[in-house]
Amino acid sequence: MIFLIGMMGSGKSTVGRELAKALDYSFIDTDSVIEDRYMKIHKLIKREGIDVFRDIENQVLKDIVATSLSQKIIIATGGGIILRRENREVIEKSSKKIIYLKNSIDSLIRHLQSDNLSKRPLLNTDLNNTLTHLLSERSELYEGLATFTITCDHLNKKALVEQIKQSLLA
Ligand SMILES: Nc1ncnc2c1ncn2[C@@H]1O[C@H](COP(=O)(O)OP(=O)(O)O)[C@@H](O)[C@H]1O
Ligand SMILES: O=C(O)C1=C[C@@H](OP(=O)(O)O)[C@@H](O)[C@H](O)C1
Ligand SMILES: [Mg+2]
């Protein structure tokens with residue numbers, strides 16, 4: 001069981017899917033499970049609020065871990081999953097391969113600007129300030145949980161998949 005953690009825009013969802021293909025692992029994304037069970041993330045957070053979203057995210061994480069039949073699975077998480085202590089404990093208990101995709105704010109902005117920003121309701125128009133604030137709250141949690149940290153700046157998606165594969169072999 002391999003977990004990908006990191007900020008919004010760090011590549012967990014897209015690179016995770018590619019990594020799973022490359023390793024012949026299955027792939028699951030906590031946000032996609034939430035969307036299949038409920039509704040689009042932005043709609044859910046807008047309608048129910050962030051606390052309800054975090055409760056659902058917590059339940060989905062526990063369900064994924066409890067029902068995964070094989071260890072050959074890549075789990076892309078939502079960027080805020082590390083905020084809850086119980087989530088960190090669940091992840092730590094289930095895996096020795098927890099990969100933090102670490103990016104500078106500039107690199108996150110570059111990635112997010114090429115994506116649809118309205119998918120991520122926690123980001124407002126001042127991307128730089130918002131991301132800087134979120135990262136300052138979260139970076140210790142990412143670093144503390146990770147068993148591998150990969151600095152992703154200047155790596156395209158293909159190179160990043162290769163880099164993760166190398167780290168997993170080491
Ligand atoms: N290393 C990278 N190089 C270039 N673009 C990237 C890279 N990683 C992610 N992206 C792009 O950034 C956007 C956000 O990626 P995504 O996988 O959704 O991140 P996350 O799930 O961590 O929020 C997508 O458009 C993706 O194609
Ligand atoms: O960082 C966060 O708090 C969030 C990240 C999002 O996932 P990605 O990290 O895949 O963008 C999604 O779970 C939600 O919008 C909240
Ligand atoms: Mg994602």
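Rules and cut-offs
Residues numbered from 1 in each chain as written. Chains lettered and ligands numbered in written order. Predicted model: local features only at pLDDT ≥ 70, side-chain atom pairs only at ≥ 80, totals over all residues. Heavy atoms only, no water. UniProt positions renumbered as here; feature names shortened; annotations may be inferred. Core = buried A, V, L, I, M, F, W, Y, C linked by side-chain atoms within 4.5 Å. Buried < 20%, exposed > 50% of the residue type's maximum accessible area, 1.4 Å probe, protein only. Helix = DSSP H or I, 4+ residues; strand = E, 2+ residues; numbered from the N terminus. Pairing = 2+ DSSP bridges. Axes fitted to C-alpha atoms, helices over the stretch in contact; angles between N-to-C directions. Contact = heavy atoms within 4.5 Å. Arc of directions from axis to C-beta.

Under an unreviewed UniProt entry, the chain has the name Shikimate kinase and belongs to Haloplasma contractile SSD-17B. If you open the UniProt record of the chain and go to Subunit (unreviewed entry), you find "Monomer." The Subcellular location (unreviewed entry) field of the UniProt record for the chain holds the comment "Cytoplasm".

Draft legend 1. Highlighting the nonpolar core. Phe3, Ile5, Met7, Ile34, Ile91, Leu123 and Leu131 are the most contacted members of the largest nonpolar core, which has 35 residues in total. Here this core gets 6 residues from one element, more than from any other, and that element is helix H7 (residues 127-145). Leu4, Leu101, Ile150 and Val161 belong to the second-largest nonpolar core, a separate cluster that totals 16 residues.

Draft legend 2. Representation of the sheet that holds strand E5 (residues 148-151). Strand order across the open sheet formed by 5 strands is E2-E3-E1-E4-E5, with parallel pairing between neighbours. One side of each edge strand has no neighbouring strand; the edge strands of this open sheet are strand E2 (26-29) and E5. Strand after strand, the sheet turns through a mean of 20° between neighbouring axes, direction not considered. On the sheet, helix H2 (residues 30-37) packs against E2 and strand E3 (73-76) and is oriented at approximately 65° with respect to E2. Across the sheet, helix H8 (residues 157-169) is in contact with strand E1 (2-5), strand E4 (97-102) and E5; its angle to E5 comes to roughly 155°.

Draft legend 3. Broad picture of helix H5 (residues 85-94). For H5, every residue scored as buried is listed here: Asn87, Arg88, Val90, Ile91 and Ser94. Considered in projection along H5, the buried side chains sweep an arc of 160° and stay on one side of the axis. Exposed positions of H5 whose direction lies more than 90 degrees from the buried face are Arg85 and Lys93.

Draft legend 4. Examining the pairing of E1 more closely. Both faces of E1 are covered, namely the face carrying Ile2 and Leu4 and the face carrying Phe3 and Ile5. Pairing of E1 with E3, which is carried by 3 bridges, proceeds in the parallel orientation. Looking at E3, one finds that Leu4 is bridged to Ala76.

Draft legend 5. The arrangement of the environment of Ile99 in detail. By the secondary structure assignment, Ile99 is in strand E4. We classify Ile99 as buried; its relative accessible area is 0%. Taking the C-alpha atoms as reference points, Ile99 and Phe27, separated by 72 residues in sequence, lie 15 Å from one another. Setting aside anything within four residues of it in sequence, one finds Ile99 in contact with Ile2, Phe3, Leu4, Ile5, Phe148, Ile150, Ile164 and Leu168.

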